[in-house]
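Observations on chain architecture
Residue-level listing of the chains:
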Protein chains: 2
Amino acid sequence: MENVEKHRCFGGEQFRFKHQSASLKCEMHFSVYMPPAANNAPVPLIYWLSGLTCNDQNFVAKAGAQQFAAQHGIAIIAPDTSPRGEAVPDDSEGAFDFGLGAGFYLNATQAPWSEHYNMYDYIVSELPQVLRQLDLPLQLDCAAISGHSMGGHGALSIGLKNPDKFRSISAFAPIVAPSQCPWGEKAFSAYLGKDRETWSQYDSCLLLEKARHLPTLVDQGTDDDFLDVQLRTPLLRDAAEQFSYPMSIRMQPGYDHSYFFVASFIAEHIQFHAKHLF
Amino acid sequence: MENVEKHRCFGGEQFRFKHQSASLKCEMHFSVYMPPAANNAPVPLIYWLSGLTCNDQNFVAKAGAQQFAAQHGIAIIAPDTSPRGEAVPDDSEGAFDFGLGAGFYLNATQAPWSEHYNMYDYIVSELPQVLRQLDLPLQLDCAAISGHSMGGHGALSIGLKNPDKFRSISAFAPIVAPSQCPWGEKAFSAYLGKDRETWSQYDSCLLLEKARHLPTLVDQGTDDDFLDVQLRTPLLRDAAEQFSYPMSIRMQPGYDHSYFFVASFIAEHIQFHAKHLF
């Protein structure tokens, strides 16, 4: 474990760490923001899962979340979006929506992906253990989960599958039904194989049927170019209604898919999680 | 003039424009944030000048300024840091501190730099005219100027030389005395020639002697790796005292030279300018 960056930020510290991951079998980076309140007592945390093409640093640099994490006294943990390194197989044409930077927060079962592409285990099991080893003042049993786009899918699906591990869930412009959109179909076919039955364990709209209810907030921009074909927010609204899962889904007029959208509403998401973390 | 990007952000719009610059003789990009208040009436503006290696987008993506610009009803204009394009000469070894990305906000007098490297004229004269042509609801006669590092030098020197054009000045980690630091000496020698007399027109510590007083705020991190050799904040403090120029210079404990530092204090800078713009 190596601390490769440290910056004072809103009175707290923005860290970046490097470590060898057992579940991904490669070297990984993740970022941690510790608010000033952590100087006095352990703080709760929000896991942030990023979208396609991102690593652990996009959210840290662009979302402006540290300001609100500092205000509420919450840490933010931002992992990478896929296994990394030369030994890790990538899309044969280097596509942005599959392979490196596109781990889809699942455990792959198909060769050659299954050796490294185990982001589900990494986020749910390994990362909390790694954080425990860091010896930072974190309340590891008091966590929320959030994310953007592919990371919104990750936050919803991981949160719904692990109601004992998270107090609340939120997502910005999530891929709500990977089984029913081109990005998800491409990735799930390769990582999980053609049998769609196996896909359902990672499809938020399907997971809603049996999920224990957690406080859940979703924001989606109406001018997001990916809304109609890839993100398909209406399917989440329908599923939440069908399975009587209470959820706040807000359409934000004029906002697109960029981090300008995330930055505009991150304060409200952190406030939402703070209500359930304290 | 072409609008190449537009994103809804904190209820306003983050634009990016492309145009042919007369003073720089090349195609340039600049970014403009228009706050929601601009829907009702023209708004004042802050020019933001970025530092070495940056273009017009670093501040826009990383500083989180739009939130506060929206709250106060102020536009933010972020130009690039040098002329750009294949026809523009660059440092022979592609150094980060000279040539492209390092225009130092002056008018070069030496070949081959003098044809394109006229960032002073671009910021002071051309950009306001270009903004007028844009037909956005801007109060162009009600402006402040701010910047970071090389852009902090730009904000201070341009502000001090143009008290009729700006209501207030602020800077983050500015190069306060380019005549007395390696970055400045390298750039000024090449752009302006060896005669140090000609350098004084762009050296903030020297400009303080005869400058009309404008409200001025400077923030500097104590853990900034460039503080001792390049930025030299104590020289500004000494000059301000020597020439009785009232100025708030704040040393911020533990902060470094990154945008995490800028983000941490941009709210206070925008609030400072708002006091003088309204």
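Use the structure listed above.
Below you will find a few notes about this structure. (Residues numbered from 1 in each chain as written. Chains lettered and ligands numbered in written order. Predicted model: local features only at pLDDT ≥ 70, side-chain atom pairs only at ≥ 80, totals over all residues. Heavy atoms only, no water.)

Here's the deal with the relation of the copies chain B and chain A
Mapping chain B onto chain A is achieved by rotating through 180° and translating by 0.0 Å along the same axis, at an RMSD of 0.0 Å. Viewed as a symmetry operation, the transformation between the two copies matches a two-fold axis. For chain B, the smallest separation between a C-alpha atom and the rotation axis is recorded for K62(B), amounting to 2.5 Å. Same-surface contact between copies: 100% of interface residues of chain B are shared with the interface of chain A. (Least-squares fit on C-alpha atoms with pLDDT ≥ 70 in both. Contact = heavy atoms within 4.5 Å.)

Concerning helix α4 (residues 150-161) of chain B
The periodicity of an α-helix, 3.6 residues per turn, causes residues three or four places apart in sequence to face the same way. All names here are of chain B. With 12 residues, α4 should cover 16 Å at 1.5 Å per step; its first-to-last C-alpha distance of 16 Å lies within 8% of that length. Counting buried positions along α4 gives 11 out of 12 residues, so the element sits mostly inside the fold. For α4, the complete set of buried residues consists of M150, G151, G152, H153, G154, A155, L156, S157, I158, G159 and L160. (Helix = DSSP H or I, 4+ residues; strand = E, 2+ residues; numbered from the N terminus. Expected span 1.5 Å × (residues − 1). Buried < 20%, exposed > 50% of the residue type's maximum accessible area, 1.4 Å probe, protein only.)

Examining the packing of aromatic side chains
The geometry of an aromatic ring pair is captured by the separation of the ring centres together with the interplanar angle, meaning the angle of the planes. According to the stated counting rule, one finds 40 aromatic pairs over all chains in the structure shown. Measuring from centroid to centroid gives 5.5 Å for F17(B) and F30(B), while their planes differ by 35°, and the two rings are tilted. Pair noted here: F17(B) is in strand β2 (residues 12-21) and F30(B) is in strand β3 (residues 26-34), with a separation of 13 residues, a long-range link. Like F17(B), the residue F30(B) is buried in the burial classification. Taken together, the ring pairs in this structure connect W48(A), F59(A), F172(A), Y255(A), F261(A) and F265(A) into an aromatic cluster. (Phe/Tyr/Trp six-rings, centres within 6.5 Å; stacked < 30°, edge-to-face > 60°.)

Notes on unusual backbone geometry
Look at the link from A111(A) to P112(A): it is a cis peptide, with omega at 0°. Structurally, P112(A) can be placed in the loop between β5 (75-79) and α3 (119-134). Positive phi outside glycine occurs at K25(A), with the angle close to 55°. Positive phi is not limited to glycine here, since S244(B) has a value of about 50°. Mapped onto the secondary structure, S244(B) falls in the loop between α8 (233-242) and β9 (248-252). By relative accessible area, which is 53% here, S244(B) ends up exposed.

Concerning the interface of chain B and chain A
Taken together, the contact between chain B and chain A spans 22 residues of the former and 22 residues of the latter. Together, the buried faces of chain B and chain A total about 1700 Å²; carbon and sulfur atoms form 58% of this surface. It is R8(B), F10(B) and F260(B) that lose the most area in chain B upon contact with chain A, and together they represent 37% of the buried surface on that side. Joining chain B to chain A, the criterion identifies zero salt bridges. Among the secondary structure elements, those contributing two or more residues to the side of chain B that touches chain A are β1 (2-9), α1 (58-62), α2 (66-72) and α9 (259-277) of chain B. (Buried area = accessible area lost by both parts, 1.4 Å probe. Salt bridge = Lys/Arg side-chain N within 4 Å of Asp/Glu carboxyl O.)

Comments concerning the sheet that holds strand β4 (residues 43-49) of chain B
Residues and elements named next belong to chain B. Strands sit in the order β1-β2-β3-β5-β4-β6-β7-β8-β9 across an open sheet of nine strands; the sheet is mixed. The open sheet has two edge strands with one neighbour each: β1 and β9. Taking the axes of each pair of neighbouring strands and ignoring which way they run, one obtains an average angle of 20° across the sheet. Across four bridges, the pairing between β3 and strand β5 (residues 75-79) is antiparallel. From the neighbouring strand, V32 faces β5, where its bridge partner is I77. Packing against the sheet, helix α3 (residues 119-134) makes contact with β2, β3, β4, β5 and β6 (138-148), and its axis sits at approximately 60° to β3. Across the sheet, α9 touches β4, β5, β6, β7 (169-172), β8 (216-221) and β9, and the angle it forms with β7 is around 175°. (Pairing = 2+ DSSP bridges. Axes fitted to C-alpha atoms, helices over the stretch in contact; angles between N-to-C directions.)

Concerning the nonpolar core
With 102 residues, the main nonpolar core has Y47(B), F104(B), L131(B) and Y191(B) as its most contacted residues. Discounting chain neighbours no more than four positions away, the residues touching Y47(B) are I77(B), L127(B), P128(B), L131(B), L140(B), A143(B), A144(B), I145(B), S146(B) and F166(B). Listed in part, the 101 residues of the second largest apolar core include L49(A), F68(A), F172(A) and Y255(A). (Core = buried A, V, L, I, M, F, W, Y, C linked by side-chain atoms within 4.5 Å.)

Regarding the sheet that holds strand β1 (residues 2-9) of chain A
Residues and elements named next belong to chain A. The nine strands lie next to each other as β1-β2-β3-β5-β4-β6-β7-β8-β9, forming an open sheet whose pairing is mixed. Two strands bound the open sheet, and with one partner strand each, they are β1 and β9 (248-252). Strand-to-strand, the axes of this sheet are offset by a mean angle of 20°, without reference to chain direction. Of the strands in this sheet, β8 (216-221) and β9 are in contact with helix α8 (residues 233-242), which crosses β9 at around 155°. Packed on one face of the sheet, helix α9 (residues 259-277) meets β4 (43-49), β5, β6 (138-148), β7 (169-172), β8 and β9 and runs near 175° to β7.

Overview of the layout of surface pockets
As a volume, the largest pocket reaches approximately 740 Å³. At the level of secondary structure, the elements contributing two or more residues to the lining of the largest pocket comprise β1, β2 (12-21), α1 (58-62) and α2 (66-72) of chain A together with α1, α2 and α9 of chain B. Considering only residue class, the lining of the largest pocket consists of 20 nonpolar, 16 polar and seven charged. Approximately 530 Å³ is the volume found for the second largest pocket. (1 Å grid on protein atoms, 1.4 Å probe; cavity = no way out; pocket = protein on both sides within 12 Å on 5 of 7 lines; lining within 4 Å. Points joined across faces, edges and corners; volume = space filled by probe spheres on them. Nonpolar A, V, L, I, M, F, W, Y, C, P; charged D, E, K, R; others polar.)

Considerations on the pairing of β3(B)
Residues and elements named next belong to chain B. Taken across its nine residues, β3 has seven buried, putting it largely inside the fold. With nine bridges joining them, β2 and β3 adopt antiparallel strand pairing. Within β3, the residue paired with Q20 across the bridge is E27. In textbook terms, the turn of a hairpin is the stretch between consecutive antiparallel strands, and for β2 and β3 this stretch comprises four residues, one of which, K25, has a positive phi near 50°.

Here's the deal with the environment of G254(A)
Mapped onto the elements of the fold, G254(A) is located in the loop between β9 and α9. Sequence spacing of G254(A) and T222(A) is 32 residues, and the spatial spacing of their C-alpha atoms is 5.5 Å. Beyond its immediate stretch of four places on either side in the chain, G254(A) contacts T222(A), D223(A) and R8(B).

Let's talk about α8(B)
Residues and elements named next belong to chain B. Buried within α8 are the following residues: T233, L235, L236, A239 and A240. Axial view of α8: buried residues confined to an arc of 155°, hence all on one face. Looking at α8, the residues exposed on the side facing more than 90 degrees away from the buried face are E241 and Q242. Tucked into the core, α8 has its buried residues touching α4, α6 (204-207), β8, α7 (227-231) and β9. (Arc of directions from axis to C-beta.)

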